[in-house]
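An overview of the molecular structure
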Amino acid sequence: FRFARSSESAARLLRTLCVVGVVGIAIASCRDGASPDLSAPDSLTPGHASLAIAPRFATLPTGAPSITLATVKGLLISSAGDTTVVTAHFDGDSAVLDFNVQFTGSSATYKLDLTAFDANGVIAYHAAQDVTLKPGKNNSVNPVLVYAAPDAAVTALHVSPSVVTLNAGASGAVSVTGTNASGQAVAPIRVGWTARTGAVTIDDNGNIQAGQFQGTTWVVARTANNVADSAQVKVHAPVAKVITAPTTIQVTRGTSAASSAELRDAGNNLIDDRTAVWTSADATIATVNATGVITGVKIGTTTITAALEGKSATVAVTVVTPLDHIEVTPTTLTFASLHETKTLTVKLVPKTTTPSPAGTSGGAAADVSLDGIVPVFTVDDPTIAMVDQTGVVTALKNGTVTVTVTADGLTATTPGTVKQVAATVTITPKTASLSAIGDAVRFTATVLDALGSVIDGAVITWTSSDPSVGTISSSGVLTAKKAGSVSVTAAIDGKTDTGNLNVAPTIKLLGLYLSKSTIAVGGGATVTGKFADANGNPLSDAPTTFTTTTPGIISVSSSGAITGVAGGTGHIIGTSGSLTGAINITVSGSGGGGGSGTLVLTPPTAEKLPSSHQDFSVVSEFSSTLNWTVNGIPNGNSTYGTITLSEVTGTVTYNAPNAVPSPATFDVCATQASDATVFGCAHVTISAIPSGGADVVVFNDQNVVDYPGASDPNNQQMFRNLVNFTGAGARATKTSVMFYGGHSSRFFPGSAGAMGSTISAAGYTTVDYTDTFNTSIDASIKVILLWLPTTPFDATEINILKEFAGQGGRIVFIGEYDTYYGLTTGIPTENQFFLDMGAQMTNAGGAYDCGFVVEGPAQLRPHQITTGLSDLTVACASEVIPGPDDYPFLYDQTNTHVLAAVAKIDVTPIPTGGAAASRLKGTRPRVMYKARTITPIRTGAGAPNPKDSQGRPIPPKP
């Protein structure tokens, strides 16, 4: 007798009972409902019978309890009441019952009674059936055992509690009771437990285990007789995320829009037993109620948050104005005078809206109200114009300005221009006089607009009625040229005024003039005297008596005849009445002259760097082969330098030594081979660092001397160094600086800029000049600043500037990098200028250290210009390629690219009638001007990027 799994119910274990009654022998058990093995030999004695039983179990419903059987009891009861009882225990899935039945006759009727018991001895199944036996083997019978436990009487179940709520992962329990048809309690009750979904699991004892996610299900208790009841189980999972929709909302101020929030667990299951809590990050901009309805309060943006159990999601809210746009009239403003006023009119135009679905932004057009919206007026530059809150705009200063009207977060603008128009112009002084040629007087003009305000910075056109008497600059400085009277006119916007100047030169000085500046020993010259004004301009011949304080070098007669006595510098004094004058003359050679002529070397003096070169020319009254010496050494040596002669080009070149010798100053001399008494010398000084004056300085970056460099104290010290130098020549003691913006300057701030202010504060007078150089530079000028010229200087201008340098003046050339300065204009102009001035350096183009870089001590080299500096500020400087005669004093951050340099100027005039003119009288020309081909080298970055304060493109660092 055994209980096995039934294919009719996957949820319960059924057992198939197989009982075999035998007499005399044991029959093997049958398995899984198979028929008994009745094939054994018939060994039963007469009157005995065997019975094979193949019972069936009633099918249990799905969800019924599992029933484990322990024993089975079988009774075979005869008609006479005799009973044969057999009891068997289940061994696994089988049990064996042995009967011993004996009767007489050909058959007998018995009652078969089968009862199955569980492990607690409780009846589980029962069946009864009449069977007729015959002697020997009998056919099997198939009684159906039905459920017969005490709870088979249950007609109603009751699960308690009926609702169970558990946190995710937690456990709980339910219990069950049952009643019969009469309502009486039945116990014990055997039930099976099932859960309808996987949200929970339940064991046979009613113990519930909740899953990890939110959900609701039912657990069901069911008896073997299919009586059932259930309880609802709710699993409460923690919130894993909050989802809002929509995530962005735009709402018009004063209207509302709706948002929703879903709660989800870690398995993305909807949590519907709780709701999120809504909050606003700024309730002054937008509010939100408990259901997610958002209301716009004022213009702006804020964040609405839905949150629960530490999880949240947001809605980005933008509250917009009901105002559509602002109209301002007039659309532009123009002022011709300071303190002139004009009024702006403002119209606020509302949005045109259409009805929107409930709970969203918008609304009917009638809902849009502009009540309480007041326009506010502002200006971007209150120094140029002011505006009050009624829209009245008042002009204060020339310039451009923008008036902005703001209302409820929207703006409208009206541009304005304040440009004073001249109504009157008044010149000061009305009359002036000068007592010396070259002196100057500054005329000023006061220009007023129609309301009587001065027009600062008015551009005046100045004219002179007679430029031969006096010329006037663009800044109103009138310079005397000769005696006479001249009228000056100031004109602007069709308005004019006139002043007058009287030039009456007065004798103040006695000027001495030599027929020759250099003579040989034994050679002669003459000196004459002239009355001159305070600037040394000769006015008339002066009867003069001459003497000398150096009789060992020259002799001079009272009438002015000079004779060289010995090599050196002779000093001559002239006297005419109460006036005296003095002049020096150079005597070349050491004495013993007597030749019939003198050689004159050009240039007569030269200051050179080690390893540099100098070309000399010789002017002689004779034609003869020349012998050259350096410090008395024929053709020189490595200590003092050597001479190189080119018979092809006729060039005489002095090659400086590689180091500074001692003495550092000596003579380079030429002597006629045919007459040793005919000779001439030039004084050469070898300097490791060039001295100040008679030089040209280059900065290929205007920002070094303008914004932002002008704000760096070190740059300001450099400005002072540029003008505060000592040197040879009359100009080294002068105190005026010229700012030159001629030759189509690419950028010219004039002396009114920061550099000019620094120089003026140092005690110097600044002058702006934009014309060409067609006469000698004013005697008061010490330094000339050339600002980015882009057209070439002609030979006359070059020679005037060489004359200026020969008198000890300094020229500062301010250039730029190629794409700003101009590859075909600025850079060729700059490089030709250096070549004409005897410098070998070139602007190679490119741009280095862009973006306002501070060059530190490692980038500076010793020179008078860098004295006292710890750094210099630059911004996109072009590279300078120096030659051996040029001295670099500023490098870039890598210390490989030169950003500024200086060169001594060759004061020898260049030919004005064509290139390569001869400098040597006679048959053997000595060429002084050697043409070079200058090709700009692009070493920097490519196309320019942003612009600096002067509008220059700022390239990236290379």
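Cut-off values and rules
Numbering of residues begins from 1 in every chain and follows the order in which that chain's sequence is written. Selection of residues for local features in this predicted model requires a pLDDT of at least 70, selection of side-chain atom pairs for listing and counting requires 80 or more, and totals for whole chains, interfaces and linings are taken over all residues. No hydrogens and no water enter the side-chain calculation; it runs on all heavy atoms of the structure. Strands qualify as paired when DSSP identifies two bridges or more between them. Secondary structure is summarised from DSSP: a helix means a run of H or I of at least four residues, a strand means a run of E of at least two, and numbering begins at the N terminus for each. Note on classification: 1.4 Å probe, protein chains only; a residue is buried when its accessible area is under 20% of the maximum for its type, exposed when over 50%, partly exposed between these limits. Any two residues whose heavy atoms approach within 4.5 Å are treated as being in contact. Ring pairs shown here join Phe, Tyr and Trp side chains whose ring centres sit within 6.5 Å, with only the six-membered ring taken for Trp; geometry is labelled stacked below 30 degrees between planes, edge-to-face above 60, and tilted in between. Angles here are taken between N-to-C directions and fall from 0 to 180 degrees, while the axes themselves are lines fitted to C-alpha atoms, restricted in helices to the stretch in contact. Salt bridges are defined as contacts in which a side-chain nitrogen from Lys or Arg sits within 4 Å of a carboxyl oxygen from Asp or Glu. Working rule for helices: expected span equals 1.5 Å times residues minus one. Note on terminology: disulfide denotes any pair of cysteine sulfur atoms within 2.5 Å. Side-chain atoms within 4.5 Å link the members of a nonpolar core, which is a set of buried Ala, Val, Leu, Ile, Met, Phe, Trp, Tyr and Cys residues. Should an angle fall under 35 degrees it is called roughly parallel, over 145 degrees roughly antiparallel, and 65 to 115 degrees roughly perpendicular, with every other angle called oblique. By the definition used in this description, the sense in which the near helix is turned from the far one sets the handedness, with an anticlockwise turn below a right angle giving left-handed and a clockwise turn giving right-handed. Ten residues, namely Ala, Val, Leu, Ile, Met, Phe, Trp, Tyr, Cys and Pro, are considered nonpolar, four, namely Asp, Glu, Lys and Arg, are considered charged, and the remaining ones, Gly among them, are considered polar.

Moving on to the pairing of strand β47 (residues 484-492). Sheet topology note: the strand β44 (residues 461-464)/β47 ladder contains four bridges and is antiparallel. Bridge pairing links Thr461 to Ala491 in β47. Inspection of the sheet shows β47 paired to strand β48 (residues 495-503) by nine bridges, in the antiparallel sense. For Ile492, the partnering residue across the bridge sits in β48 and is Lys495. Linking β47 back to β48 in an antiparallel pair, the connection comprises two residues, with Asp493 at a positive phi of about 50°.

Along the chain, Val242 falls in strand β21 (residues 241-245). What makes Val242 buried here is its relative accessible area of 8%. Linking Val242 and Glu309, residues 67 residues apart in sequence, is a C-alpha distance of 9.9 Å. Each residue touching Val242, except ones within four places of it in the same chain, is listed here: Ala261, Glu262, Leu263, Ala306, Lys311, Ser312 and Ala313.

Summed over all chains, the structure comprises 16 aromatic pairs. Between Phe739 and Trp787, the aromatic rings sit 6.3 Å apart at their centres with planes inclined by 15°, giving stacked as the arrangement. Of this pair, Phe739 sits in strand β69 (residues 736-740) while Trp787 sits in strand β71 (residues 781-787); the two residues are 48 residues apart in sequence, bridging distant segments of the chain. When sorted by exposure, Phe739 lands in the same class as Trp787, which is buried. Plain terms: the ring middles of Tyr740 and Phe793 are 6.4 Å apart, the flat faces sit at 40° to each other, and that makes the pair tilted. Here Tyr740 is found in strand β69, whereas its partner Phe793 is found in the loop between β71 and α3 (795-806), with 53 residues between them in sequence. The two residues Tyr740 and Phe793 agree in class, both being buried. Through successive ring pairs, a cluster of aromatic residues spans Tyr740, Tyr769, Phe773, Phe793, Phe813, Phe833 and Phe834.

Here we take up the sheet that holds strand β33 (residues 341-343). Reading across the sheet, the three strands line up as β33-β37-β36 and stay open at both edges, with antiparallel pairing between neighbours. On the outer flanks of this sheet lie β33 and β36 (385-387), each paired with one strand and no other. Here the average twist between neighbouring strands, direction ignored, is 20°. For β36 and strand β37 (residues 392-395), the ladder comprises three bridges, and the chain directions are antiparallel. Of the residues in β37, the one forming a bridge with Val387 is Val393.

This part covers the pattern of salt bridges. For the coordinates displayed, the defined rule picks out eleven salt bridges. Taking the shortest distance from any N to any O, the salt bridge between Asp408 and Arg253 comes out at 2.9 Å. Placement of Asp408 in the loop between β38 (399-407) and β39 (410-418) and of Arg253 in the loop between β22 (248-252) and β23 (256-258) is noted, with a sequence separation of 155 residues between them. Given the relative accessible area of 24%, Arg253 is considered partly exposed. In this structure, the salt-bridge partner of Lys430 is Asp497, at a minimum N-O distance of 2.6 Å. With Lys430 in the loop between β40 (424-428) and β41 (431-434) and Asp497 in strand β48, this pair connects stretches of sequence that are 67 residues apart. For Lys430, a relative accessible area of 40% gives the class partly exposed. Salt bridges sharing partners connect three or more residues here, namely Asp273, Arg274 and Glu309.

The subject of this paragraph is α3. Between the first and last C-alpha of α3 there are 16 Å, a value that for twelve residues agrees with the 16 Å anticipated at 1.5 Å per step. When α3 is considered as a whole, its buried residues turn out to be Ala795, Glu797, Ile798, Asn799, Ile800, Leu801, Lys802, Phe804 and Ala805. Gly808 occupies a position one or two residues after α3 and carries a positive phi of about 95°.

Here we come to the state of the cysteines. The tally for this structure, following the rule as stated, stands at two disulfides. Here Cys669 engages in a disulfide with Cys681; their sulfurs sit 1.9 Å apart. Taking the sign of the S-S torsion, 110° for the link of Cys669 and Cys681, the bridge is right-handed. Here Cys681 lies in strand β67 (residues 675-686) and Cys669 lies in strand β66 (residues 665-672), a separation of twelve residues in the sequence.

Time to look at the nonpolar core. Judged by nonpolar contacts, the single largest core of 74 residues is most densely connected at Met718, Phe773, Ile784 and Phe833. If near-sequence neighbours (up to four positions away) are discounted, Phe833 is found in contact with Val696, Leu786, Phe793, Ile798, Leu801, Ile811 and Phe813. Ranked by size, the runner-up nonpolar core spans 33 residues in total, among them Leu97, Ala108, Leu133 and Ala224.

Attention shifts here to the packing of helix α1 (residues 713-723) against helix α2 (residues 754-761). One way to put it is that α1 packs onto α2 with a least axis distance of 9 Å and a crossing angle of 60°. When the axes of α1 and α2 are compared, the pair comes out oblique. In the crossing of α1 with α2, the sense of the turn from one axis to the other is right-handed. Touching Gln716, Phe719, Arg720, Leu722 and Val723 of α1 are Met755, Thr758 and Ile759, all from α2. Looking at the contact of α1 with α2, its residues break down into five nonpolar, two polar and one charged.

Turning our eyes to something else, we now look at the sheet that holds strand β53 (residues 545-548). One key point about sheets: their strands pair by backbone hydrogen bonds, in either a parallel or an antiparallel sense. Pairing is mixed in the open sheet, where four strands are placed in the order β50-β57-β56-β53. The two strands at the open ends of the sheet, each matched to only one other strand, are β50 (518-520) and β53. Going across the sheet, the axis of each strand differs from the next one's by a mean of 35°, ignoring polarity. As paired elements, β50 and strand β57 (residues 579-588) share three bridges and run parallel to each other. Paired with Ile519 across the strands is Val587, a residue of β57.

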